[in-house]
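Architecture at a glance
Residues per chain, in single letters:
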Amino acid sequence: MLPSTCLFCGGICLFSIPICSPCLKGLPILAHSCEQCAEYLHPSLLSNNKSRICGACLAYPPPFDHTFALFPYCFPIIEVITKLKFQHQLGYTKVLATLFIQRILQSWYKNKSLPDLILPIPLHDKRLQHRGFNQAYEIAKPIAKAFMIPVDFTGVKRIKNTQAQSRLSSIDRQTNVANAFVAKRSYTGMTIAVIDDVMTTGYTITEFCRVIRQSGAKNIDVWCCARNQKLG
Ligand SMILES: [Zn+2]
Ligand SMILES: [Zn+2]
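Residues numbered from 1 in each chain as written. Chains lettered and ligands numbered in written order. Predicted model: local features only at pLDDT ≥ 70, side-chain atom pairs only at ≥ 80, totals over all residues. Heavy atoms only, no water.

Ideal values for angles at a metal depend on the geometry: 109.5 degrees with four tetrahedral donors, 90 or 180 degrees with six octahedral donors. Within the protein, Cys6 (SG), Cys9 (SG), Cys20 (SG) and Cys23 (SG) serve as the donor atoms for the zinc ion (ligand 1), at 2.3 Å. Taken together, the four donor atoms coordinating the zinc ion (ligand 1) span angles of 103 to 115° at the metal, a pattern that classifies the geometry as tetrahedral. By relative accessible area, which is 3% here, cysteine 6 ends up buried. (Donors = N, O, S within 2.8 Å, 3.2 Å for Na, K, Ca; no water. Tetrahedral: all angles 85-135°; square planar, octahedral: opposite > 155°, others 65-115°. Buried < 20%, exposed > 50% of the residue type's maximum accessible area, 1.4 Å probe, protein only.)

On to the coordination of the zinc ion (ligand 2), then. Taken together, Cys34 (SG), Cys37 (SG), Cys54 (SG) and Cys57 (SG) make up the protein donors of the zinc ion (ligand 2), found 2.3 Å from the metal. Because the angles between the four donor atoms bound to the zinc ion (ligand 2) fall within 103 to 114°, the donor set is best described as tetrahedral. Between consecutive donor residues of the zinc ion (ligand 2), the sequence gaps follow C-x2-C-x16-C-x2-C. Pair noted here: cysteine 34 is in the loop between α1 (21-25) and α2 (43-48) and cysteine 57 is in helix α3 (residues 55-59), with a separation of 23 residues, a long-range link. (Helix = DSSP H or I, 4+ residues; strand = E, 2+ residues; numbered from the N terminus.)

Listing the buried residues of helix α4 (residues 77-86) in full gives Ile77, Val80, Ile81, Leu84 and Lys85. All buried residues of α4 lie within an arc of 115° about the axis, which places them on one face of the element. The inward-facing, buried residues of α4 abut β3 (66-72), α5 (91-108), α6 (125-131), α7 (135-147), β7 (191-199) and β8 (219-227). With its phi angle positive at about 55°, histidine 88 sits one or two positions after the end of α4. (Arc of directions from axis to C-beta. Contact = heavy atoms within 4.5 Å.)

The next subject is the pairing of β7. Most of β7 sits out of view: nine of its nine residues are buried. Both strand β4 (residues 117-120) and β7 contribute to a ladder of four bridges, which runs parallel. Across the sheet, proline 120 pairs through a bridge with isoleucine 195, a residue of β7. In this structure, β7 lies alongside β8, joined through eight bridges in parallel fashion. Bridged to valine 198 within β8 is alanine 226. Handedness of the crossover joining β7 and β8 through helix α9 (residues 203-214) is recorded here as right-handed. (Pairing = 2+ DSSP bridges. Right-handed = clockwise from strand over helix to strand, strands pointing away.)

So, about the domain arrangement of the chain. As assigned here, the chain comprises domain 1 (1-30) and domain 2 (62-227). One C-alpha centre belongs to domain 1, the other to domain 2; they are set 25 Å apart. Across the boundary between the two partners, domain 1 contributes eleven residues, which contact 15 residues of domain 2. Of the roughly 1,100 Å² buried at the junction of domain 1 and domain 2 (both faces included), carbon and sulfur atoms supply 83%. Considering only the surface of domain 1 that becomes buried against domain 2, Leu7, Pro28 and Leu30 emerge as the three largest contributors, covering 47% of it. One can count zero salt bridges joining domain 1 with domain 2. (Domains from an automatic or database assignment. Buried area = accessible area lost by both parts, 1.4 Å probe. Salt bridge = Lys/Arg side-chain N within 4 Å of Asp/Glu carboxyl O.)

The next point concerns unusual backbone geometry. Looking along the chain, the bond that leaves phenylalanine 75 and enters proline 76 is cis, with omega of -5°. When you line up the elements, proline 76 lands in the loop between β3 and α4. The backbone of alanine 38 sits at a positive phi, close to 65°, despite the residue not being glycine. For asparagine 179, which is not glycine, the phi dihedral falls at a positive 55°. By the element assignment, asparagine 179 lies in the loop between α8 (170-177) and β6 (181-183).

Turning to the environment of phenylalanine 68, a few remarks are in order. Residue position: phenylalanine 68 is located in strand β3. On the basis of relative accessibility, which here comes to 9%, the residue phenylalanine 68 falls in the buried class. Along the primary structure phenylalanine 68 and glycine 132 are separated by 64 residues, whereas in three dimensions their C-alpha atoms are 27 Å apart. In contact with phenylalanine 68, not counting residues within four places along its chain, are Trp108, Tyr109, Lys112, Asp221, Val222, Trp223 and Cys224.

Given below as structure tokens:
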């Protein structure tokens, strides 16, 4: 196997994915987090809260059951996502998908069965035309292939061409994504993994999951590359 170049430092790497060993070891680790939404959970809460669910999820349960995040949303993951989405550096999808596959095998699904279906969060047709690809779909494809799980790319349509969430206030973000998706099929009784690149406030993912839950999904797990956590 020929050595390739590390996407992070430009050094030589011997893995089948373009990241070298020191860069891989240096990637940030997600803090203690809520099992349901992956928001930061103070370690002192873990001892008396066996289920590891945060106060917000207990008070207002989201329409998904579990959130698995690869990384916290910080350096250099922000750069990875930005280069992937806006500079079309699709080499990063291979790194992220491989890390997802490892994590799924070694921890997330070690003691539970894999989902029936993977649903990448869809982009609006106009956004897809402009960007040329959907990053969530690109990451989902190799994972789906590795575990022989089908990817559903057409079952839910994004009918609202929403503004970029990052430019809006919290309340505007919620309004922006309201009724943005519509399900074109039934998901009755299915266990579904919803995949997206970043989960910040979670409004987009929540709205998407609400729609597939209404269409019958029994269990919904969220897989995201990066989770924005409010530390403190
Ligand atoms: Zn490197
Ligand atoms: Zn939570």
